[in-house]
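Coordinate inspection notes
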Amino acid sequence: MSTDVAATIDRLRATYDTGRTTDLGWRKRQLQGVIDLLKDNEERLSEALSADLGKPPFDSWLTELNLVKDEAAHAIKHLGGWAKKTKHAVPIVVQPAQAWTEPQPLGAVLIIAPWNYPLQLLLAPAVAALAAGNVMVLKPSELAPATSAAIADLVPRYLDPEAVVVVEGGVAETTELLAQPWDHILYTGSTRVGQVVMEAAAKHLTPVTLELGGKSPTIIAADADLKVAAKRVAWAKILNAGQTCIAPDYLLVEKAVSEKFTSMVVDELATFRDKAPATSIVNEQHLDRLEGLLEGHGGEELLPRKTDRDTRVMAPVVVRQPDPASAVMQEEIFGPILPVITVDSIDEAISFIKARPRPLTLYLFTSSDRTERKVLDETHAGSVCINHLVYQAAVTSLPFGGVGPSGMGSYHGKAGFDTFSHTKSVLKRPTRMDPGFVYPPYPARVQKILKLITRW
Ligand code: NAD
């Protein structure tokens, strides 16, 4: 362990031990600090996101700055309620007594973020951890260096520097951080590294929240509003150039509308490609990876491949009927490639999804309540969004997280507060009454009465 990391953790723990982070006023000031940081530095942060990923400024505002601002504002508004004690009923054999639960901060926590929404995925978990009253290290992604540098500069100016520390770096620094005995780790990124994180955490029995990825399917039922569905699917696919953990990875379209819907989605993608500013692919390796996914898929490509290596902008490509065993249908795409698979029925779509790892999210376009209920009941996914995409992550009060290989635990809103709190159970009994019959040997009459009143 380098002296820097050791000293940082000692400093954080010393801050925690002062008790100041437990104070609701301190927490609200930190949350307001997050809002001020975002609002005062909108332009600078937007430029950093543009330098890292070529994100159009409005996309950055919508999916990064404003989303974190909403999380912080929601936490300020509800913190008093979330932090309250909850009374619990006391069974007759334990009476007289009071029982309650109260949330307590966990202590020192580590938050590790990926590069695709490098601001949002670092600061939204930080909002949850601050609301719950923790001290923390924030580890931004080294693959978004401009955003990482901006956060490292701004965070100490807006947040309590003795309670929130940004540690920049890549694998080496993260490995060193992971070796520490944290009270909680929230990691967002790939499933592969999620396993590394969980293994490191297991050494200290540190609980983890893993926000991972996977292939999120979109079902298009024959009774869907096809026009709206095509536009929304195309928008969600080109958002951040498909580098979104909850992007629609591939489509399962009912046969009756497959031909028509595919051509509609192709048209919408072509319009976005020609008219809207595009986010870049994060780096050369990811461009190579995406071009690799277009090899050997066995399907038909419906939009021309076009990649600008200078700007790293990749045009969307639709792949009709790829081989389910090919890489594009096995790996998370995380880019502007959209496989379209025709299914005979909703049952077939459900079977297709059930035969694969449980996804982070599932999208369904239908006008039928029965189809909606059937898909909700018969599939597993971290979240579901019906007749739209991606916006489920913007509803602050909805817990956000995966299931199985797409993750464990959740955050956003109260779910985030709960993730970073321990629910402490407390029982309190008065001492003024302490009759002898409650101790052994229990008198036969007392045994009989107790069994009677507990309806044994
Ligand atoms: P990544 O796992 O490569 O990197 C994420 C973080 O882990 C970075 O901070 C990086 O420094 C660190 N890291 C990388 N390799 C490491 C190692 N060997 N040991 C320790 N730390 C290491 O992930 P990524 O490529 O940045 O992100 C893409 C993935 O993240 C996709 O699968 C996507 O679906 C997923 N994702 C999930 C969510 C979600 O909220 N569930 C959000 C965004 C991205």
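This is a predicted model, so every value here is computed, not measured.

**As for the site of the ligand**
Around the ligand, 25 residues are found, and the nearest of them are Trp115, Glu142, Tyr187, Leu212 and Glu332. Take Gly189: an N or O atom from its main chain is 3.1 Å from an oxygen atom of the ligand. Contact distances for the ligand include 2.7 Å between a nitrogen atom and a backbone N or O atom of Leu212. In isolation the ligand has 850 Å² of accessible area, and contact with the protein removes 91% of it. Among the secondary structure elements, those contributing two or more residues to the shell around the ligand are helix 7 (171-178), strand 6 (184-188) and helix 8 (191-202). Residue classes in the shell around the ligand are distributed as 14 nonpolar, seven polar and four charged. Both domain 1 (2-212 + 406-423) and domain 2 (217-401) contribute no fewer than three residues apiece to the shell around the ligand.

**Notes on the domain arrangement of the protein**
Domain assignment breaks the protein into domain 1 (2-212 + 406-423) and domain 2 (217-401). Placing a centre on the C-alpha atoms of domain 1 and another on those of domain 2 gives a separation of 30 Å. Together, the buried faces of domain 1 and domain 2 total about 2,000 Å²; carbon and sulfur atoms form 58% of this surface. Where domain 1 touches domain 2, the interface holds zero salt bridges. Among the secondary structure elements, those contributing two or more residues to the side of domain 1 that touches domain 2 are helix 3 (42-53), helix 4 (57-82) and helix 15 (413-419). Broken down by element, the residue count for the side of domain 1 that touches domain 2 peaks at seven residues, all from helix 4.

**Overview of the sheet that holds strand 2 (residues 98-105)**
Across the sheet, which stays open at both edges, the three strands sit in the order 1-2-18 with antiparallel pairing between neighbours. Each having just a single partner strand, strand 1 (86-88) and strand 18 (421-428) make up the two edges of the open sheet. With strand direction ignored, the average angle separating the axes of adjacent strands in the sheet is 30°. Where strand 2 lies against strand 18, eight bridges are found, and the strand directions are antiparallel. Paired with Thr101 across the bridge in strand 18 is Ser425.

**Overview of the sheet that holds strand 4 (residues 135-139)**
The six strands are arranged 5-4-3-6-7-17 in an open sheet whose pairing can be described as mixed. Whereas interior strands pair on both sides, the edge strands pair on one side only; in this sheet they are strand 5 (164-166) and strand 17 (407-408). Judged from the three bridges that link them, strand 4 and strand 5 form a sheet pairing that is parallel. Across the sheet, the residue bridging to Val137 is Val165, located in strand 5.

Analysis parameters
Residues numbered from 1 in each chain as written. Predicted model: local features only at pLDDT ≥ 70, side-chain atom pairs only at ≥ 80, totals over all residues. Heavy atoms only, no water. Near = heavy atom within 4 Å. Polar contact = N/O pair within 3.5 Å; in protein donor to acceptor, adjacent residues only side chain to side chain. Areas by Shrake-Rupley, 256 points an atom, 1.4 Å probe, with all protein chains shown as cover. Helix = DSSP H or I, 4+ residues; strand = E, 2+ residues; numbered from the N terminus. Nonpolar A, V, L, I, M, F, W, Y, C, P; charged D, E, K, R; others polar. Domains from an automatic or database assignment. Buried area = accessible area lost by both parts, 1.4 Å probe. Salt bridge = Lys/Arg side-chain N within 4 Å of Asp/Glu carboxyl O. Pairing = 2+ DSSP bridges. Axes fitted to C-alpha atoms, helices over the stretch in contact; angles between N-to-C directions.

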